[in-house]
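# A closer look at the structure
Given next are the chains, with one letter for each unit.
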Amino acid sequence: MDVLASGAEQVVFCSDPASGLRAVIAVHSTALGPALGGTRFHPYATEDEAVADALRLARAMAYKNSLAGLDLGGGKAVVIGDPRTDKTEALLRAYGRFVESLGGRYLTACDVGTTNADLDLVARETRFAHGRSEVYGGCGDSSVLTAFGVFQGMRAAAQHRWGTPTLAGRTVAVAGVGKVGSWLVDRLVADGADVVVTDVDPAAVARVRSRHPDVGVAADTAALVRTPADVYAPCALGGALDDETVAVLAAEVVCGGANNQLAHEGIPDQLTRRGVLYAPDYLVNAGGVIQVEDERHGFSFPRAEAKAAGIFDVALRVFDTAAAEGISPAVAADRLAEERIASVGRLATIRLPR
């Protein structure tokens, strides 16, 4: 692939034969500040696949951090390998040395395949590792505020679509009840919603049902998307919204925690034509990055939660702008993110952590 044409500021290839580390760090933009984004540990089939994923995710982080109002650019790292078998202390510390070598242009955190404990090891080699364990002064599990932000986006969607910012009496279909999905179910049940879930892991469904016995269960995602519901919440893997899913989707709103939900760029227009209100994923799932960013200032959960609550107002602005201009919320969100990067970023310099 043509890396130089990708729009990224910098792509770093990391190799440490002694530990087996093979990684790619992509810095999409530092216009608003250092590029914050997690480290994904995944067994990519090819190096090109890893590079493409890093570039795509880094761009999404730039837009996410912009819309969240953070003084941060966007970046992402991917480690090539199976986290169940290839992850070692030596590898993580070698990776930390590469992060440190960038001098603060890239701030790393957790993502798929990495944990708070992993970041504790990375942080032994770099000042620029965040999302650490609470025992080390970190923010801990960022899925808590990720789910909270998705819930705020869902409330905004309810306000825009039905005139009231609550899911009480509404049916919400949640695909994927891992960390983010299960926290989201807790919020929805407390708000009075009727919830139906599915997950490839029966144990995850069982854990949710042990807390909330009235939660319904669909056989699989294919069945869930056909279940009549007010809101569909994809909270598992990316690419959840493809042509086949959109064609049969039986919900009025899509709002979930999964990253990169759109299988291709035409999906938002398909949803709009079907009358489905789409909440852009990188907008509503920004609570996690807000939680991680707060760690840089001496973590305060109440402060981070208060900032994540602002996702409601931003989402409502995106929905209202989309309706007024006759565009999809995806386009409206992109424009809003780009406007902030352009207006603030012109004068911004990289702000190194203190």
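Below, the structure is looked at part by part. (Residues numbered from 1 in each chain as written. Predicted model: local features only at pLDDT ≥ 70, side-chain atom pairs only at ≥ 80, totals over all residues. Heavy atoms only, no water.)

### Side note on the overall build of the protein chain
- In terms of regular secondary structure, the protein chain is built from 14 helices and eleven strands.
- In summary, the protein chain has a C-alpha radius of gyration of 19 Å against a globular reference of 20 Å for 354 residues, a match within 12%.
- The contacts in the protein chain between residues at least 6 apart in sequence include a share of 66% that link residues at least 24 apart.
- About 14,600 Å² of surface is accessible on the protein chain, with carbon and sulfur atoms providing 52% of the total. (Helix = DSSP H or I, 4+ residues; strand = E, 2+ residues; numbered from the N terminus. Rg over C-alpha atoms; globule rule 2.2 N^0.38 Å. Contact = heavy atoms within 4.5 Å. Areas by Shrake-Rupley, 256 points an atom, 1.4 Å probe, with all protein chains shown as cover.)

### Comments concerning the sheet that holds strand β1 (residues 10–16)
- Reading across from one edge, β1-β2-β4-β3-β5 is the order of the five strands in this open sheet, with mixed pairing throughout. Lying at the two open borders of the sheet, with one neighbouring strand each, are β1 and β5 (106–110). Across this sheet, the average inter-strand angle for adjacent strands is 25 degrees, counted without regard to direction.
- Two elements, strand β3 (residues 35–42) and strand β4 (residues 73–80), share six bridges in a ladder whose sense is parallel. When the sheet's bridge partners are listed, A35 is paired in β4 with G73. (Pairing = 2+ DSSP bridges. Axes fitted to C-alpha atoms, helices over the stretch in contact; angles between N-to-C directions.)

### Some thoughts on the sheet that holds strand β6 (residues 171–175)
- Within the open sheet, the six strands sit side by side as β8-β7-β6-β9-β10-β11. Their pairing is parallel. Here the strands that pair on one side only, and so sit at the sheet edges, are β8 (216–217) and β11 (277–278).
- Of the pairings in the sheet, the one linking strand β9 (residues 231–234) to strand β10 (residues 253–254) comprises two bridges and is parallel in character. Bridging from a neighbouring strand, V231 pairs with V253 of β10.

Take it as geometry only, folks, not as evidence of what the structure does.
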